[in-house]
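Here is how the chains run, residue by residue.
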Amino acid sequence: MRRREFLLGAAGAHAVAGQTGGFRRLAEIPAGPIPGPGGETGAQAGRRWRIQWMFDEEEREARLADFCAPAPGRAVAVLRIEGEFRGQNVALVTRNGGGAWTEVPLKDEPVSLFALDDSRLWLVGGKSLWYSAEGGLEWTKRNLPRGTKNRPVFRVHFVDERRGWAFGAGRTFHRTLDGGLTWAAVPESSAIELKDENTAWTWMVFLDGRRGLVTGFSAPRRDAGPWPDWMAPEGRRERRLQPTTTIAGETHDGGESWKFSLTSAFGRVVRVRTNGNRGIAVSYYGGNFEFPGEVYLLDFRTGGSRPVFRRREVQVHDGAVLADGSVVLAAVQPPGSLRGAPIPGRLRIFHSSDLERWAEMKVDYRAE
């Protein structure tokens, strides 16, 4: 795979030197309206998304930190439940497709999950790393890398029960050879010539036992002012767009060594999902852009990439490449034109068999 092409595609690098406006020269993808529920074809035709668990209590609020479904019928969700007097951290585990959920108390505030298979899971907490060999029903404490208090770890990725990586804020990410008991800095990441306080890693994925990718960005900090964008939209419109440095790291020896490429672009890659030699990359753009983000198709055999989904009204947050090559995307439609408004948005799910024609799948109206 050619690193340069991966960066130009996955990072949303329509941005060129000197460009200061939005992506107004770009058309939506697909170009026309997306057929609503019932318009999908193939294996997903007629399928709908139903709520399998819902939190509905007065004076308490649940925040979903992360969710994973490592095997058919099995899923784990981790939540922070806030009440008037105290908070509660819990994991919800199902082994029958959501028909029943087991509530497991957690000793740490959850940040993210990683599932190696249907039994072995890691949970990044606010203070420690946790490991479960029981599919989330029991957790034992492991360790986060030392010296990351001011550069918190957001995620981990493991290729087997012992070898894994921890990454998040700061240009340095870390490797473990004992399942998260001890960690060592990856020296190639520490040598990247970017400001540590401006840099973060967002995602890691391995295509097989030897080929892996890690994505990140480095963005100059700016004064956000006293008000968030949704309260001062005129300030957001006037703010000059600034490109970020997109980072892509590759390994071809199972993580023993890494090589990094840097490019300037407006987008930042937040998800890479793969199935064999095919994948998708989900990018976010800044609030000043006409498009909140877009999705790219990646071909790891040729290094080629192309945009396959880009809509003005929705922000894609995640997706999946299914076994038959089709793709499902999960997106949120904000209630107004300001994407950062603190009002829940509507969940929308899109599916395509050929990544040219998309259809919307029916979702329970209460999902947000």
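Worth saying up front: this structure is predicted, and the values here are computed from it rather than measured. (Residues numbered from 1 in each chain as written. Predicted model: local features only at pLDDT ≥ 70, side-chain atom pairs only at ≥ 80, totals over all residues. Heavy atoms only, no water.)

Undergrad: Help me understand unusual backbone geometry in this model?
TA: Omega for the bond connecting Ile 29 with Pro 30 falls within 30 degrees of zero, at -5°, which places this linkage in the cis form. Considering the arrangement of structural elements, one finds Pro 30 in the loop between helix H1 (3-10) and strand S1 (48-49). Phi at Glu 59 takes a positive value of approximately 65°, unusual for a residue other than glycine. For Glu 59, the location among the structural elements is in the loop between S1 and strand S2 (61-71). Classification of Glu 59 as exposed rests on a relative accessible area of 65%. (Helix = DSSP H or I, 4+ residues; strand = E, 2+ residues; numbered from the N terminus. Buried < 20%, exposed > 50% of the residue type's maximum accessible area, 1.4 Å probe, protein only.)

Undergrad: Could you clarify how one ought to interpret the pairing of strand S14 (residues 199-206) in this entry?
TA: Along any regular strand, the residues point their side chains to alternate faces of the sheet. Within S14, 8 of the 8 residues are buried, which leaves the element mostly enclosed by the surrounding structure. As consecutive antiparallel partners, S14 and strand S15 (residues 212-218) are separated by 5 residues. (Pairing = 2+ DSSP bridges.)

Undergrad: Teacher, can you tell me more about the confidence of the model for the chain here?
TA: Parts of the model with low pLDDT should not have their predicted coordinates read in detail. Per-residue confidence for the chain averages 87 on the pLDDT scale, and 86% of its residues sit at or above 70. The low-confidence segment residues 1-5 (pLDDT under 50) makes 16 contacts with residues lying over four places distant or belonging to another chain. When the criterion is pLDDT under 50, residues 11-23 qualifies, and its contacts beyond four places in sequence or with other chains add up to 42 contacts. (pLDDT = per-residue confidence, 0-100. Contact = heavy atoms within 4.5 Å.)

Undergrad: Help me understand the pattern of salt bridges in this model?
TA: Side chains that carry opposite charge are capable of pairing whenever their charged atoms lie near each other. Inspection of the entire model under this criterion finds 22 salt bridges. Salt-bridge contacts for Arg 311 lead to Glu 28; the nearest nitrogen and oxygen are separated by 3.5 Å. You can see Arg 311 sitting in the loop between strand S21 (305-309) and strand S22 (315-321) and its partner Glu 28 sitting in the loop between H1 and S1, a full 283 residues away along the chain. We classify Arg 311 as buried; its relative accessible area is 7%. Glu 28 gets classed as buried once you look at its relative accessible area, which sits at 17%. Between Arg 312 and Glu 28 there is a salt bridge, and its shortest N-O distance comes to 3.4 Å. Taken as a pair, Arg 312 in the loop between S21 and S22 and Glu 28 in the loop between H1 and S1 lie far apart in primary sequence, 284 residues in all. By relative accessible area, which is 35% here, Arg 312 ends up partly exposed. (Salt bridge = Lys/Arg side-chain N within 4 Å of Asp/Glu carboxyl O.)

Undergrad: What am I meant to see in the sheet that holds S2 here?
TA: The 4 strands lie next to each other as S2-S3-S4-S5, forming an open sheet whose pairing is antiparallel. In this open sheet, the two edge strands, each paired with only one partner strand, are S2 and strand S5 (102-105). The average angle at which neighbouring strand axes cross in this sheet is 25°, direction not considered. Strand direction decides the pairing type here: strand S4 (residues 87-94) and S5, joined by 4 bridges, are antiparallel. Bridge pairing in S5 links Val 93 to Thr 102. (Axes fitted to C-alpha atoms, helices over the stretch in contact; angles between N-to-C directions.)

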